[in-house]
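Descriptive analysis of the structure
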Amino acid sequence: MTSTAVSVPMPTVPRRRRSPAEIHAAQAVSGERKVLLAAPRGYCAGVDRAVIAVEKALEHYGAPVYVRKQIVHNLHVVTTLEEKGAIFVEENDEVPEGALVVFSAHGVSPAVIQSAEDRGLRTIDATCPLVTKVHKEAIRFAKDDFDILLIGHEGHEEVEGTSGEAPDHIQIVNGPEDVDNVTVRDPEKVIWLSQTTLSVDETMLTVNLLKERFPTLQDPPSDDICYATSNRQAAIKKISPSSDLVIVVGSANSSNSVRLVEVALEYGAKASYRVDFANEVDESWFEGVSTIGVTSGASVPENLVHDVLRLLADYGYGDVEEVVTAEEDIIFSLPKEIRATLKAMGDSTGGVGGRGPRPKR
């Protein structure tokens, strides 16, 4: 782990009027006030790729561009794309026949792809390549007639998409509390896979309990929990023991953001809260707090983190120290449909989507 001081530009943040009692509580602190800013944080390569795919579709095909489900689980990103002409729908039957629809980063089942074909929809598949990898694993092991135990949250788009690849072979295991409900045909032919955005620790707890029941349970060929989820959880584990308060920027339906709050509390933070925007921060949280940890989920643009830092600076937490636990340089190519269009139209911006912007040191 390395720690370096950073200077972060801080835009003005509109927020609600504070009462005198709240201001007093915010200033009731003894000792030096500082912020530990976790890194990595924010946009991962898969999110950046998906958002750029929608932006490029709007730019080259024109509005409206339909998107099935939220392209990524972040309220600000979705709202911003809506303002540019994206229309978010729940299912393909809400899209006019022949129109363009983008599949979200969370992936879709074969049934969704077929329904798009049946309606004559033009499609762009913005599924994160790491989610696609899990889909391919499910297809492979179902073909070999394995029972597949998919650890994840039932109802989450990613889990629905993966389980749809082999519904007759996949059982969803929601967590440790669900292990006793699992039944398999042949204990010698069982493998586990997982949703990519889970808590690493809770997933392994579930796996260990499953292995107590099924000792020959096979592991996936490679880690299913994505690098960004693992890295952000590792970063929050580093800063939480030194933090009186941890603020996670991210939306309520963002699994990896919600997990960061849980991990912060498990690893020593005295309190932790999730916010979509800086104006959701409650100043009463600062009472008695000298060190605040800050991070963001993998679908959060960096400007939302800057807004939180600006608010914290207003209350005396202007000393920002970035704590770096890993460097990320992964870049994914944009969906093939977008790359083909860019090439045909002479777009010189390139066909890749990578990391979101980081604060300049």
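Read on for a plain summary of the structure. No experiment lies behind these values; they were computed from the predicted model shown.

**A word on the sheet that holds strand β3 (residues 65-68)**
Here four strands make up an open sheet; going across it, the order is β4-β3-β5-β6 and the pairing parallel. In this open sheet, the two edge strands, each paired with only one partner strand, are β4 (86-89) and β6 (122-125). Taken over all neighbouring pairs, the strand axes of this sheet differ in orientation by 30 degrees on average, direction set aside.

**With respect to the packing of helix α2 (residues 45-61) against helix α11 (residues 336-345)**
Remark: α2 packs on α11, axes separated minimally by 10 Å, with the N-to-C direction vectors making an angle of 40 degrees. On the basis of their axis angle, the class for α2 and α11 is oblique. The chirality of how α2 crosses α11 is left-handed. Of α11, the residues touching α2 (which contributes Ala53, Lys56, Ala57, His60 and Tyr61) are Glu337, Ile338, Thr341, Leu342 and Met345. For the contact of α2 with α11, the residue count by class is six nonpolar, two polar and two charged.

**Details of unusual backbone geometry**
The amide bond that connects Ala39 to the next residue, Pro40, takes the cis arrangement and shows omega of 10 degrees. Within the fold, Pro40 resides in the loop between β2 (34-39) and α2. Not every positive phi belongs to a glycine, and Lys69 is a case in point at roughly 65 degrees. Within the secondary structure, Lys69 is located in the loop between β3 and α3 (75-84). Of note, Asp145 is a non-glycine position whose phi angle comes to about 65 degrees, a positive value.

Rules behind the numbers
- Residues numbered from 1 in each chain as written.
- Predicted model: local features only at pLDDT ≥ 70, side-chain atom pairs only at ≥ 80, totals over all residues.
- Heavy atoms only, no water.
- Pairing = 2+ DSSP bridges.
- Helix = DSSP H or I, 4+ residues; strand = E, 2+ residues; numbered from the N terminus.
- Axes fitted to C-alpha atoms, helices over the stretch in contact; angles between N-to-C directions.
- Parallel < 35°, antiparallel > 145°, perpendicular 65-115°, else oblique.
- Left-handed = near helix turned anticlockwise from the far one by under 90°.
- Contact = heavy atoms within 4.5 Å.
- Nonpolar A, V, L, I, M, F, W, Y, C, P; charged D, E, K, R; others polar.

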